[in-house]
Amino acid sequence: MNDLVSIITPIYNSDKYIKAAIDSVQAQTYKNWELILIDDFSQDRTLEILEDIINNDSRIKLIKLKSNCGSAYARNKGIEEAKGRFLAFLDSDDIWRSEKLDKQISFMKKGSYFFSFTSYNKINDKGDGIGSVLIKNSVIQYSDLLYTNSIGCLTVVLDLKILGGKRYMPLINMRNDYALWLSLLREGNKAYGMIDILADYRSRKSSLSSNKLQVIKYQWKIYRFYQHLGIFKSIYYMLYYAYYGFRKY
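A short tour of the structure in this document, coming up. (Residues numbered from 1 in each chain as written. Predicted model: local features only at pLDDT ≥ 70, side-chain atom pairs only at ≥ 80, totals over all residues. Heavy atoms only, no water.)

1. So, the overall build of the protein
Link 1 in the chain: If you tally the helices and strands in the protein, you get 9 helices and 10 strands.
Link 2 in the chain: The principal-axis extent of the C-alpha atoms belonging to the protein is close to 55 × 40 × 35 Å.
Link 3 in the chain: The 249 residues of the protein split such that 48% are buried.
Link 4 in the chain: Here the protein contributes 36 positively and 26 negatively charged side chains, and the mean placements of these two sets differ by 7 Å. (Helix = DSSP H or I, 4+ residues; strand = E, 2+ residues; numbered from the N terminus. Buried < 20%, exposed > 50% of the residue type's maximum accessible area, 1.4 Å probe, protein only. Lys, Arg positive; Asp, Glu negative; His and termini not counted. Charge placed at Lys NZ, Arg CZ, Asp CG, Glu CD.)

2. Thoughts on the pairing of strand β4 (residues 86-89)
Link 1 in the chain: Burial along β4 is two-sided: the residues F86 and A88 and L87 and F89 are all buried.
Link 2 in the chain: Here strand β1 (residues 5-11) runs beside β4; their pairing, made up of 4 bridges, is parallel. Residue pairing for β4: S6 is matched across the bridge by L87. (Pairing = 2+ DSSP bridges.)

3. Remarks on the packing of aromatic side chains
Link 1 in the chain: Enumeration according to the criterion identifies 12 aromatic pairs in this entry.
Link 2 in the chain: Between Y120 and Y201, the ring centres sit 6.1 Å apart and the planes meet at 70°, which makes this aromatic pair edge-to-face. In this pair, Y120 is assigned in strand β6 (residues 115-123) and Y201 in strand β10 (residues 191-202), connecting sequence segments 81 residues apart.
Link 3 in the chain: Judged by its relative accessible area of 25%, Y201 falls in the partly exposed class.
Link 4 in the chain: The ring of W96 is capped by K100, whose NZ or CZ atom sits 4.5 Å from the centre of that ring. (Phe/Tyr/Trp six-rings, centres within 6.5 Å; stacked < 30°, edge-to-face > 60°. Lys NZ or Arg CZ within 6 Å of the ring centre and 35° of its normal.)

4. Some remarks on the nonpolar core
Link 1 in the chain: Counting residues in each nonpolar core, the largest one holds 43 residues, and the members touching the most others are F89, F115, I151 and W181.
Link 2 in the chain: Not counting residues up to four positions away in its chain, the partners in contact with F115 are M108, I151, V156, V157, L158, W181, L184, L185, K190, A191 and Y192. (Core = buried A, V, L, I, M, F, W, Y, C linked by side-chain atoms within 4.5 Å. Contact = heavy atoms within 4.5 Å.)

5. A few points about the pattern of salt bridges
Link 1 in the chain: For the structure on display, the rule yields 13 salt bridges.
Link 2 in the chain: Across the pair R85 and D159 runs a salt bridge, and its minimum N-O distance is 2.8 Å. On the criterion of sequence distance, the pair formed by R85 in the loop between α3 (71-81) and β4 and D159 in strand β9 (residues 157-159) is long-range, its members being 74 residues apart.
Link 3 in the chain: The salt bridge partner of R97 is D200, with a shortest N-O separation of 2.9 Å. With R97 in the loop between β5 (95-96) and α4 (100-111) and D200 in strand β10, this residue pair connects regions lying 103 residues apart in the sequence. (Salt bridge = Lys/Arg side-chain N within 4 Å of Asp/Glu carboxyl O.)

6. Some words on the pairing of β1
Link 1 in the chain: With 7 of 7 residues buried, β1 is to be regarded as a mostly interior element.
Link 2 in the chain: Residues of β1 alternate between two faces, with V5, I7, T9 and I11 on one and S6, I8 and P10 on the opposite face, all of them buried.
Link 3 in the chain: Of the strand pairs in this sheet, β1 and strand β2 (residues 33-39) are connected by 7 bridges, and their pairing is parallel. Residue pairing for β2: I8 is matched across the bridge by I36.
Link 4 in the chain: With respect to chirality, the unit in which β1 leads through helix α1 (residues 18-26) into the neighbouring parallel β2 is right-handed. (Right-handed = clockwise from strand over helix to strand, strands pointing away.)

7. Quick word on the environment of Y113
Link 1 in the chain: Of note, Y113 is situated in the loop between α4 and β6.
Link 2 in the chain: For Y113 and V157, which are 44 residues apart along the polypeptide, the C-alpha to C-alpha distance reads 9.8 Å.
Link 3 in the chain: For Y113, the residues in contact, after removing those within four places along its chain, are F107, M108, D159, I162 and Y192.

8. Here's the deal with the packing of helix α7 (residues 176-185) against helix α8 (residues 212-226)
Link 1 in the chain: Between α7 and α8, the least distance of the axes is 10 Å, while the angle of their chain directions is 25°. By the angle between their axes, α7 is roughly parallel relative to α8. Handedness of the crossing formed by α7 with α8: right-handed. Together, Y178, A179 and L182 of α7 and Q219, I222 and Y223 of α8 make up the contact between the two elements.
Link 2 in the chain: In terms of residue class, the contact of α7 with α8 is made up of 5 nonpolar, 1 polar and no charged. (Axes fitted to C-alpha atoms, helices over the stretch in contact; angles between N-to-C directions. Parallel < 35°, antiparallel > 145°, perpendicular 65-115°, else oblique. Left-handed = near helix turned anticlockwise from the far one by under 90°. Nonpolar A, V, L, I, M, F, W, Y, C, P; charged D, E, K, R; others polar.)

9. Thoughts on α7
Link 1 in the chain: Burial analysis of α7 places 9 of its 10 residues in the buried class, which makes it a mostly covered element.
Link 2 in the chain: Looking only at α7, the buried set comprises N176, D177, Y178, A179, L180, W181, L182, L184 and L185.

10. Brief notes about the environment of K161
Link 1 in the chain: For K161, the location among the structural elements is in helix α6 (residues 160-163).
Link 2 in the chain: Placed 80 residues apart in sequence, K161 and Y241 show a C-alpha to C-alpha distance of 33 Å.

Spelled out as structure tokens, the structure:
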């Protein structure tokens, strides 16, 4: 029997998109999964939509937070509840391709990889394609990841059996997934990428990550306070990060 995959989905005011995200999980050709939804005190119709969905699929679990705590806290609550050997991440406005888990779990087991990621498409609020993020390096080490985060959270799968247990994201409002990837690779591990496009990332104008000044601020925090890099190293990597971002956008 296939190993259980625990999928972590933090949610906040996602009534426009959450059904599409869940539909993409239910459409997976890999059937042994649990979807852990963590509602971060939504104030729209999200909960109303979720109640109907979870009543018809026992693999879907809902955690309701009593106040708005942010994506890192929500993700960590989901990780706490996870029972699977594999841990995957899908935000409430993103979408997976139906073969994602099948292909990725097979890839990881064949190579005995604990950390994998894939290429993905970018879509806008309406679901129209606006580009792709393709893997350039199939193997990423800590030193590579310091320059820029080339790993999309919606594509990541971790093998907790090989990793030796659960790991959690630092409680910061932005870039918490990136901070976790760095901490994992800093131990000498590597992340392995698949060139296949297996997910769609929704780039929303109103999203927290769309605020470039805030992203730069948190990027600096990660270098200085979470990776404990010296001031000159931090400046060096920040300059490269800014250059890469300028080329990208």
